[in-house]
Amino acid sequence: MARAIFCWVVLKIILTAKGEDYVLRATCDNAMAVYVDGKEIIKSGMENWTQESTISIPSDFKVLGIRCVDYGVIPGILASVHKQDGEEVLVTDGSWRCSREEFEGWSEAGFTEADGAWEDGSPIARHGEGIWSHYMPDIGSISKNAYWIWTGGHETYSTAYCRYTVPQPALFLRATCDNEMTVYVDGKEIIKSGMENWTQESTISIPYDFKVLGIRCVDYGVIPGILASVHKQDGEEVLVTDGSWRCSREEFEGWSEAGFTEADGAWEDGSPIARHGEGIWSHYMPDIGSISKNAYWIWTGGHETYSTAYCRYSNYF
Ligand SMILES: *[C@@H]1O[C@H](CO)[C@@H](O)[C@H](O)[C@H]1NC(C)=O
Ligand SMILES: *[C@@H]1O[C@H](CO)[C@@H](O)[C@H](O)[C@H]1NC(C)=O
């Protein structure tokens, strides 16, 4: 008895520490497969569209994927996610993204949609309404705010791949360079005032799932350098300029884009000059904004003045 109570207490502590799971309630017309962060969840009854499947999912999930094969009459995916106390977290609607094709990694976090292949989930009817109001007005406890969704046109005998990605808060890039800076996020130039003033930090909001950061810097003499760090909303450091960056003195087509391939010998690891607040800058500018003190001023090897450096950080998943 004492042993049973002890086990119960331990189990309770473990469950509490893990955080409460959510409950996914889902069905599809006709045969369903469910993926949580890329992992398929197998349950009996998933081929029976009149039945709700109840699946426990971690509350910190990133992507839900539902694949559905329609066998005729009308297609549709219907689902809602709830907290333990029943409170609704999300439902199937236009916030989901659907495709008729299966893509590698489509249900995983960090997946990038191929141009034109994905569209917003197209609502057919609310749960309990439309054609289903006659046959199946109530499927388990799936929220009545949920819509049956499919790809546009709602074509029968087709397969739909629908995914919901939990929106993630943006990250912040804090950067400067000695002397004039240009910043690229996934190949797109970000324009901000003050980027030609090396004593000033530029703060730029970047997507949590960015793939490449590129910083071009033109030095006007004395000493060159690029200094930057990326932070979460709460200030937690994600990365800093150091030897993990790659730098070149030449500009290459697409150098700041994802998928760029380095030309042999043209790129080298970012060469650290000094930490933020140290070296020559300790006299002039020990603190530039809130750029991390773990960040290094970097350049191409030799730290040549009056040169231009192209430095990039890749964040491929
Ligand atoms: C499908 O589910 C419904 C509701 O739970 C049940 O009544 C029915 O027997 C199931 N059909 C099959 C073929 O298993
Ligand atoms: C550069 O930035 C610093 C710090 O914000 C500011 O004091 C200074 O006036 C700026 N210089 C120019 C030329 O804008």
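The model shown is predicted, which means the values in this text are computed figures rather than measured ones.

Draft legend 1. Representation of the overall build of the chain in the model. A tally of regular secondary structure across the chain gives three helices and 24 strands. In terms of principal-axis extent, the alpha carbons of the chain reach across some 80 × 60 × 35 Å. The buried share of the chain, reckoned over its 317 residues, is 33%. Long-range contacts, defined as pairs at least 24 residues apart, comprise 74% of the intrachain contacts of the chain with a sequence gap of at least 6.

Draft legend 2. Examining the environment of Ala295 more closely. Mapped onto the secondary structure, Ala295 falls in the loop between α3 (281–284) and β23 (296–299). Assessed through the 25 C-beta atoms surrounding it within 10 Å, Ala295 is described here as buried. The spacing of Ala295 and His276 is 19 residues in sequence and 5.7 Å in space, taken between C-alpha atoms.

Draft legend 3. Inspection of the sheet that holds strand β5 (residues 63–69) at higher detail. Spatial strand order, β3-β2-β5-β12-β8-β9: six strands in an open sheet with antiparallel pairing. Each edge of the sheet is formed by a strand with only one pairing partner; in this case those strands are β3 (39–41) and β9 (119–120). Across seven bridges, the pairing between β5 and strand β12 (residues 159–165) is antiparallel. Bridging across to β12, Leu64 finds its partner in Tyr164.

Draft legend 4. A look at the sheet that holds strand β15 (residues 188–190). Pairing within the open sheet is antiparallel, and its six strands lie in the order β15-β14-β17-β24-β20-β21. Here the strands that pair on one side only, and so sit at the sheet edges, are β15 and β21 (268–269). The pairing of strand β14 (residues 180–185) with strand β17 (residues 212–218) spans six bridges and is classified as antiparallel. Bridging from a neighbouring strand, Met181 pairs with Cys217 of β17.

Draft legend 5. Spatial organisation of unusual backbone geometry. Residues other than glycine seldom take positive phi values, yet Tyr157 does so here, at roughly 55°. With respect to the secondary-structure elements, Tyr157 resides in the loop between β11 (147–150) and β12. Here the phi dihedral of Val222 falls at roughly 70°; this positive angle occurs in a residue that is not glycine. Of note, Val222 is situated in the loop between β17 and β18 (225–231).

Draft legend 6. Examining the environment of Val73 more closely. Among the secondary structure elements, Val73 is positioned in the loop between β5 and β6 (76–82). Overall, Val73 belongs to the exposed group, with 11 C-beta atoms counted inside 10 Å. Residues Val73 and Glu155, spaced 82 residues apart in sequence, show a C-alpha to C-alpha distance of 9.4 Å.

Draft legend 7. A look at the confidence of the model for the chain. On average, residues of the chain carry a pLDDT of 90, and 93% of them reach 70 or more. Segment residues 5–17 is flagged for pLDDT under 50; beyond a separation of four residues in sequence, or across chains, it makes zero contacts in the model.

Conventions and cut-offs
Each chain has its residues counted from 1, running along the sequence as written. Written order decides the labels, with chains lettered from A and ligands numbered from 1. Given that this is a predicted model, residues contribute local features only at a pLDDT of at least 70 and side-chain atom pairs are listed and counted only at 80 or more, while totals for whole chains, interfaces and linings are drawn from all residues. A run of DSSP states H or I qualifies as a helix once it reaches four residues; a run of E qualifies as a strand once it reaches two. Both are numbered from the N-terminal end. In this scheme every C-beta is placed from the backbone, and a residue whose C-beta has 20 or more other C-beta atoms within 10 Å is buried, one with 12 or fewer is exposed, and one in between is partly exposed. Residue pairs qualify as contacts under a 7 Å threshold applied to their C-beta atoms, which are placed from the backbone. Any two strands between which DSSP finds at least two bridges are classified as paired. A score between 0 and 100, pLDDT records how confident the predictor is in each residue.

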